[in-house]
Structure formats: C-alpha cells, structure tokens
Amino acid sequence: MENFLKEAKASSRVLNELSGADKNRILREMANSLRSNTMNIIEANALDMREADANDLSSALKDRLYLDEKRIEAMAVAVEEIAALKEPVGRILDGWVTEDGLKIEKVSIPIGVIGIIYESRPNVTSDTAALCFKSSNVCVLKGGKEAENSNVAIAEALRGVLAKNNLPRSMVSLLPDSSREGVAKLIKMDKYVDLIVPRGGEGLIRYVSDNATVAVVKHDKGQCHTYIDKDADIEDAIKIAINAKVQRPGVCNAMETLLVDKEIAKDTLPKLKEAFDAEGTSLKGCVSTQEIITVAQASDEDFDTEYLANILNIKVVEGVEGAIGHIVRFGSGHSEAIITQNVTTAEKFLNSIDAAAVYLNASTRFTDGGAFGFGAEVGISTNKLHARGPMGIEGLTTYKYKIYGSGQIR
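In short, a report on the structure. Owing to the predicted nature of the structure, the values given are computational and were not obtained by experimental measurement. Residue positions are given per chain, counting from 1 as you read along its sequence in written order. In keeping with the predicted nature of the model, local features appear solely for residues at pLDDT of at least 70, side-chain atom pairs appear and are counted solely at 80 or more, and the whole-chain, interface and lining totals rest on all residues. Only hydrogens and water are set aside when side-chain values are computed; all heavy atoms of the structure are taken into account.

## Details of the sheet that holds strand E7 (residues 224–228)
Then, in step 1: Each pair of strands is called paired provided DSSP finds at least two bridges between the two strands. Working definition: helices are DSSP H or I runs of at least four residues, strands are E runs of at least two. Numbering for both runs from the N terminus. Across the sheet, which stays open at both edges, the 7 strands sit in the order E10-E9-E11-E8-E7-E12-E13 with parallel pairing between neighbours. At either margin of the open sheet sits one strand with a lone partner, and together these are strand E10 (296–297) and strand E13 (357–360).
Then, in step 2: As judged from the 2 bridges shared by strand E9 (residues 282–285) and E10, these two strands associate in the parallel manner. Bridged to Lys-284 within E10 is Ala-296.
Then, in step 3: Relative to the sheet, helix H11 (residues 265–278) contacts E7, strand E8 (255–261), E9 and strand E11 (311–317), its axis offset from that of E8 by approximately 155 degrees. The contact rule is simple, with two residues in contact once any of their heavy atoms fall within 4.5 Å. Every axis corresponds to a line fitted to the C-alpha atoms, with the helix fit spanning only the stretch in contact, and the corresponding angles, defined between N-to-C directions, vary from 0 to 180 degrees.

Written out as structure tokens, the structure is:
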C-alpha cells in the first residue's frame, strides 16, 4: 500500500507540470477511449450484473450499476464537458500590495492526491478521474465490489491514454487492496494522501469519518424533503413531487419525505396519492395523513431512512414552521425544496434551512454537477468545509499565497 501511494504522490508532481491545453487534449482522448472500449466495458458490466442477480440486489442498485452504449456515451460526453471547463489551476483569486511593498497573490492549486471511495455507480470512475485530472489531482479510486469488473475496464481505458502520452498510469489508480482492511489503511495514509471523499451508504460514511487521519469531505445520505405550502400551485406541486421521487429513486437527491401544509392536506393528499399510485410508489404516512388517505404507518425511523427506492413518507405539518422543524430534526443537509407562490414564505424557508441546496418550485433532482453546469461531480458534499453541494472542479482545488518582494525585511 505504501509503495503504491508513494508512486501516486510522485506522479502528482508530473501532473502539476502539464499545461491546461495538454490536460484538455488528453481528456478528449480519454473520452474517445471510452467510446472505442464500449464493448469491453459492456462485457465487464455484464459480469457485474450477473453477480447482482445472483446476490439479489435491489432494482434501484441494479439501475445504478447497469451500463449500455447510451450510458457509456454519456460518460464520454461528461469527460469532454470537463475538458471544456475553464482551467481551475493557477488562477489568481485575489491580489494586493501591502504597506511594506510586498505584492501578494492568492493562487489556486491542486489538493494533491485524492482518495475517492464510492459504491455501485461505475460512471463515477470516469467522472471523478476526469475531474481530478482536469484539476491536476492524482486520484486513487475505490469502487464497490458490485461494480469491480466495470470499474477495472473503465479505468484501463483511461490509463491506456496516460501510457500513450508517456505519463504515469498512477495518475489514475484503482486501490489494489479493495478489502475493508485496504480502505482502513488508505484513510490513515496522510503522508501520501491529501483528501478522502467517501460517497455511499451511511455505514461507509460513518466508518471513514470515525477512522480517517486524512482530511475527509463527506458525501452523506440524501434525506431530502419537499414541502408543499398552502400557497402552492398544486398542479406544479404534484408534478415536482412525482419527479423528485420517481424519476430515479435510487439516487441521493431523490425525495424521501413529502411534507404537506395542514391547510391544504384534505384536498391535496388524495390527488397526490392518485399520482403516486400510478407510479407504483409505496406510501407511508403520519397519523394525520392516514386520516385522509389509506397508507402504511410512518415511524420516526422511517422519517430518518434513506430508502433509495420507490418508497415515500408523507407528513402533514403546521405550515412552513412545521416543515422547517421537521427538516431540522430529520434532514441530512443535502437538498430541500418548498413549493409555494408566497414570496415571504419562500424566503423564510430558503433562509432558515441549513442544507447544501435549497429549492423554490423545483425538484431536488437538480442537485447534480452536470445540472449545475460543472460537467460532472466527485459527489454531493454535505460538509460545510471546504466544499458543499455538488463538488466539481473548484472543490478539488485549494490555494497558496505567492509573495513578491524586493529586499524587504521585517
């Protein structure tokens, strides 16, 4: 492990010397390599899908795992979009001259070596590798065992481009020891690794946060809520709620709990139930919800569960204050939405809710690097430091001060 990480650390110095133009050219070659290796990647993915069937993975997890030509093309396009982003390294973020005549520049620089631990989705391999490469960071990737064959095929397509350009393949690496013990070693290697980004289940996040000596940016569970206010456009509210839950239930920005203002619950809940029934959504509700529509009982444990499946909690609340109170108790700091035409109520919600992304009259499904215009993302950070929300290029840089003097002493 130590020799592997030494090699990664050494390659970061080589990567730091590449120009923005060279990085962009190589990224475009990586995109084309994904396309030319499509059949290899699909064959590898088929092995993972067979294992998923044998292990009886949920339909949501299988959807996250599955790759076809369309999804691989989307991966290639994402890499090209990252190449087209403005150069994040070497930007002068600020500058001034002190009273001693020192010229100070605050300049963006890469973080260094970034370990990314993730589950299920093989497209994360190409997305994060490209984002790290663009921002001059070396990445050490640890994907989930359920996507092992897919991840190897994707990584090799990218690493082959590095080799053709006489660059160290260690700039993009898969962790050689993918066991729990391997992860335990990686997150303590602060001599060689500068940042760990865990994205996955609650257990993974807690384990890494509790045991790492390397700095961690958490990409925690998405306990996302949508609140339908008494002043909402109900037609829009139903459309947004359906999208937030069922468009892709197995992702972290999908809604897990729908909050409905008590003043409109009797009229609105039957309409919502009809819409969700049509989508095959399994509904659970509080006592007040059960008095209006027939749903299963929702417990506090349910309100604290990230289902990642087509299951939805419903709770009737006392206006915006009730919605805020529920989110304060059960929210994970990911994405929260309010549906209302009342500007005062909207601003109260948007200003009071402490989450990475807060929405007015839109679906939480937009919390995504691509949707935000970042090209892709390393994940959705629920940290407050140093990155929050979709973690794109800028979240993968830090800065240093360059000070220009002319003989000054203190």
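## Quick look at the sheet that holds strand E5 (residues 172–174)
Then, in step 1: On the basis of which strands lie adjacent, the open sheet formed by 4 strands has the order E5-E4-E3-E6 and parallel pairing. Both outer strands of the open sheet, E5 and strand E6 (195–199), are each paired with one neighbouring strand and no more. Sheet twist, expressed as the mean angle between neighbouring strand axes with direction ignored, is 20 degrees.
Then, in step 2: Of the pairings in the sheet, the one linking strand E4 (residues 138–142) to E5 comprises 3 bridges and is parallel in character. Considered in E5, the bridge of Cys-139 is made with Val-172.

## Some thoughts on a nonpolar patch on the surface
Then, in step 1: Residues enter a patch when their relative accessible area is above 30% and they make no salt bridge; the linking distance is 9 Å between like charges and 5 Å between nonpolar side chains (Val, Leu, Ile, Met, Phe, Trp, Tyr). A 1.4 Å probe and the Shrake-Rupley method give the accessible areas. Residues count as covered only by the protein chains that appear here. Throughout this description, the term salt bridge denotes a Lys or Arg side-chain nitrogen within 4 Å of a carboxyl oxygen of Asp or Glu. Judged by side-chain polarity, Leu-93, Trp-96, Tyr-399, Tyr-401 and Ile-403 come together as a nonpolar surface patch covering roughly 510 Å² of accessible area.
Then, in step 2: Going through the elements one at a time, strand E1 (92–97) and strand E16 (397–404) are the ones with two or more residues in the nonpolar patch.
Then, in step 3: If you tally residues by element for the nonpolar patch, the top one is E16, at 3 residues.
Then, in step 4: Looking at where Ile-403 falls in the secondary structure, it is placed in strand E16.

## Examining the packing of aromatic side chains
Then, in step 1: Any Phe, Tyr or Trp ring, taking Trp's six-membered ring, that has another such ring centre within 6.5 Å forms a pair; planes under 30 degrees apart are called stacked, those over 60 apart edge-to-face, and the others tilted. With the rule as written, the count across this model stands at 5 aromatic pairs.
Then, in step 2: For the ring pair Tyr-227 and Phe-349, a centre distance of 6.5 Å and an interplane angle of 20 degrees mean the geometry is stacked. Linking Tyr-227 in strand E7 with Phe-349 in helix H15 (residues 343–352), this pair joins segments that are 122 residues apart in sequence.
Then, in step 3: Between buried and exposed lies partly exposed: a residue is buried under 20% and exposed over 50% of the maximum accessible area for its type, with that area taken using a 1.4 Å probe on protein chains only. Tyr-227 sits in the buried class, given a relative accessible area of 0%.
Then, in step 4: Pairing Tyr-399 with Tyr-401 gives two aromatic rings, centres 5.8 Å apart and planes at 75 degrees, and the pair type is edge-to-face.

## What about helix H7 (residues 148–164)?
Then, in step 1: Expected span of a helix, by definition, is 1.5 Å for each gap between consecutive residues, and there is one gap fewer than residues. Over its 17 residues, H7 extends 24 Å from the first C-alpha to the last, a length consistent with the 24 Å expected when each residue adds 1.5 Å.
Then, in step 2: Of the positions making up H7, those classed as buried are Ser-150, Asn-151, Ala-153, Ile-154, Ala-155, Ala-157, Leu-158, Arg-159, Val-161 and Leu-162.
Then, in step 3: Considering only its buried residues, H7 is in contact with helix H2 (20–36), helix H3 (38–54), helix H5 (69–84), strand E3 (113–118), helix H6 (123–134) and E5.
Then, in step 4: Just past H7, the residue Asn-166 takes up positive phi, approximately 55 degrees.

## Regarding the pattern of salt bridges
Then, in step 1: One pass over the structure, following the stated rule, counts 24 salt bridges.
Then, in step 2: Salt-bridge contacts for Lys-23 lead to Glu-87; the nearest nitrogen and oxygen are separated by 2.8 Å. Of the two residues, Lys-23 is situated in helix H2 and Glu-87 in the loop between H5 and E1; the sequence distance between them amounts to 64 residues.
Then, in step 3: Taken together, the salt bridges that share partners define one network made up of Asp-22, Arg-25 and Glu-29.

## Quick look at the side chain of Ser-381
Then, in step 1: The topology assignment puts Ser-381 in strand E14 (residues 380–381).
Then, in step 2: Distance and chemistry together define a polar contact, namely a pair of N or O atoms within 3.5 Å, with one atom able to donate a hydrogen and the other to accept it when in protein, and with adjacent residues in sequence counting only for side-chain atoms on both sides. Within the local environment of Ser-381, its side chain forms a polar contact with the backbone nitrogen of Asn-383, the two atoms lying 3.1 Å apart.
Then, in step 3: Sequence-distant contacts of Ser-381, defined by excluding residues within four places in its chain, comprise Val-217, Lys-218, His-219, Ala-356, Ala-387, Arg-388 and Gly-389.

All we've got here are geometric facts, nothing functional implied.
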